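The chain contents come next:
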Amino acid sequence: MSAHPIFSKPVWQHFMHHEGVHELPLPALVAADQLLDELTRTKTVAPTSSDYAMWAQGAAAEDPGGWLDRLGIAAAVILPSETAKIAGARALLRPGSPRPEPALRTDTAEPDAPWDPCERLVAPRARKVSVHPWELPDPWQAALRRAAQGLPGKMTAAPARDILLRTREKLCQLAWSARQAGLAPDLTEAVVRQYLEDLETRLRARTLGIRWATLRATVEELYRFARYTGITSQDDRRYLMKRLSRYEFFEQGQDALKFSALLETGNTTLSVLDQADEILEQAAREKDLGTRHRLRNAGTILGLYSIVPLRNADAELILGETLLWESGTWVIDTPIRKTMAHSPEHLVVPLEPEFCRYVDAVVLGDFEPEHLPELRARAARSGRPLIVHPDGSRPSPTYIPRIFKERTGNSFTTTRTMLHTDQAISRGEVGTRDAMVMAHQTSPRTAQKYQEKRIRRVAINRVQDAAAARRAGLATPDLLAALRELNTEQEEQE
């Protein structure tokens with residue numbers, strides 16, 4: 001191809017008198033010619049950096065940055081006033097380059113690959129209250145290896161890998177307690193009792209004290225292993241079941257740490273959404289490109305996951321795979337990989353327009369709003385994670401939970417609790433049921449737990465309101481005003 005067909009076009013007659021136009025390399029001329037065609041097609045009079053970046057992605061999807069570089073060479077000769085905008089367009093492409101690798105999704109419907117849960121490590125870390133897995137009794141190691149292969153046990157199927165790892169660690173702790181007491185590691189009543197007494201002692205020494213949920217989960221793993229192996233006597237299994245029922249009863253009377261954590265921060269779904277909006281507004285004012293990108297990530301994380309409280313394992317949404325643009329809205333369609341689920345179900349949530357904007361904030365980036373429809377379409381075809389680093393690289397699996405924790409003061413796992421609490425208090429049982437759908441929960445016990453929490457919270461509020469009303473009837477208006485002023489001063493001092 002030569003420059004003659006380009007120079008023969010009528011539009012190029014305006015630039016033939018520019019010095020150096022005939023010395024422009026052919027790739028630069030082609031890029032400039034494509035630009036002039038685009039300006040004519042779109043009837044754009046004053047293109048922005050955002051326009052140039054969009055055109056570059058359309059004209060050279062594989063190398064939009066190179067297209068802009070070639071265009072910049074030509075613009076320096078024929079359109080020098082546009083070189084700054086073209087440079088700005090080059091900067092806009094940085095968050096999406098290099099292109100991140102396609103997401104590696106684990107198909108949990110397939111059996112876990114064989115692995116050795118008792119493999120001896122070359123340089124293992126020292127353990128204080130636990131033995132190493134390869135120090136467990138041989139029958140236990142054999143059972144763990146059998147379960148790791150997905151083979152069924154005497155009374156139950158093989159547990160998922162995550163559960164098996166927890167079971168293994170509980171057995172290692174039990175073996176340590178047994179040896180410390182001069183007992184042979186076993187799942188007999190005497191050994192289990194010794195282990196649980198040691199565990200309770202350690203838990204009571206912690207800052208947060210004993211957590212009955214921890215003890216309940218511990219006995220649950222021991223009971224599961226006893227059923228899987230089938231080598232424990234019926235009396236010993238009955239004892240495990242009795243301790244499990246006891247800890248479940250104690251757990252019901254103790255609020256989970258996630259409830260306490262929410263009370264400490266005072267976070268609600270609405271307050272987190274407000275914080276998300278503030279972060280996005282801050283991003284719009286930020287001058288630094290990288291900081292602006294990170295702020296948009298944070299705002300999207302807070303806004304999106306407070307409404308759709310996904311678990312840590314499912315938090316990474318992939319555009320075009322688990323986050324789709326369909327029928328004019330963003331739709332989350334992702335498998336929910338619960339711990340005990342070998343065949344995960346799909347959570348499908350079409351987002352309301354008010355919440356689509358949190359996804360759009362990342363998809364739009366620094367481009368002008370008029371390009372959002374095309375950017376949505378491109379994003380839906382990209383197959384990349386919704387949340388990426390400023391250089392386009394894929395963040396670690398802990399990135400989203402860490403940002404949520406840093407910004408709100410609560411762990412990512414409290415999103416479900418927060419949504420449940422807000423919905424139960426404001427809308428009662430209907431709110432709880434709706435929150436369960438969003439959190440992909442089906443157990444009636446889950447609904448009962450949150451309803452009980454709501455009843456306690458409402459009861460406390462009523463008692464406090466009644467007490468406040470009685471005090472108001474006994475005090476004069478002047479005294480009430482003085483008390484309010486005193487409370488305000490104390491809060492400011494705190």
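Scroll up to find the structure this text is about.
Being a predicted model, the structure only gives us computed values, none of them experimental. (Residues numbered from 1 in each chain as written. Predicted model: local features only at pLDDT ≥ 70, side-chain atom pairs only at ≥ 80, totals over all residues. Heavy atoms only, no water.)

1. Side note on the overall build of the protein
Now for step 1: Per the secondary structure count, the protein includes 19 helices and 3 strands.
Now for step 2: Counting all 494 residues of the protein, 43% fall into the buried class.
Now for step 3: Accessible surface computed for the protein: about 26,700 Å², of which carbon and sulfur atoms make up 53%. (Helix = DSSP H or I, 4+ residues; strand = E, 2+ residues; numbered from the N terminus. Buried < 20%, exposed > 50% of the residue type's maximum accessible area, 1.4 Å probe, protein only. Areas by Shrake-Rupley, 256 points an atom, 1.4 Å probe, with all protein chains shown as cover.)

2. Digging into helix H10 (residues 234–252)
Think of an α-helix as 3.6 residues a turn; residues three or four steps apart then line up on the same face.
Now for step 1: Taking 1.5 Å per residue, 19 residues should reach 27 Å; H10 reaches 27 Å between its end C-alpha atoms and fits that length.
Now for step 2: Within H10, burial applies to Asp236, Arg237, Tyr239, Leu240, Arg243, Leu244 and Tyr247. An end-on view of H10 places all buried positions within 155° of arc, on one side of the element. In H10, the exposed positions angled more than 90 degrees off the buried face are occupied by Gln234, Asp235, Lys242, Phe249 and Gln252.
Now for step 3: Contacts made by the buried residues of H10 are with helix H8 (189–204) and helix H9 (212–229). (Expected span 1.5 Å × (residues − 1). Arc of directions from axis to C-beta. Contact = heavy atoms within 4.5 Å.)

3. Description of the pattern of salt bridges
Now for step 1: Tallied over the full model, the rule gives 20 salt bridges.
Now for step 2: A salt bridge links Arg394 to Glu316, with the shortest nitrogen-to-oxygen separation between them at 2.6 Å. Residue Arg394 is found in the loop between helix H15 (372–382) and helix H16 (399–408), and its partner Glu316 is found in the loop between helix H13 (289–305) and strand S1 (323–326); the two are separated by 78 residues along the sequence.
Now for step 3: Accessibility expressed as a relative area gives 27% for Arg394, which makes it partly exposed.
Now for step 4: With its nearest N and O atoms 3.2 Å apart, the salt bridge here joins Glu406 to Arg402. With Glu406 and Arg402 both in helix H16 and 4 residues apart, this pair spans about one turn of that helix.
Now for step 5: Among the residues examined, Glu406 registers a relative accessible area of 54% and is labelled exposed.
Now for step 6: Under the relative-accessibility criterion, Arg402 is labelled partly exposed at 38%. (Salt bridge = Lys/Arg side-chain N within 4 Å of Asp/Glu carboxyl O.)

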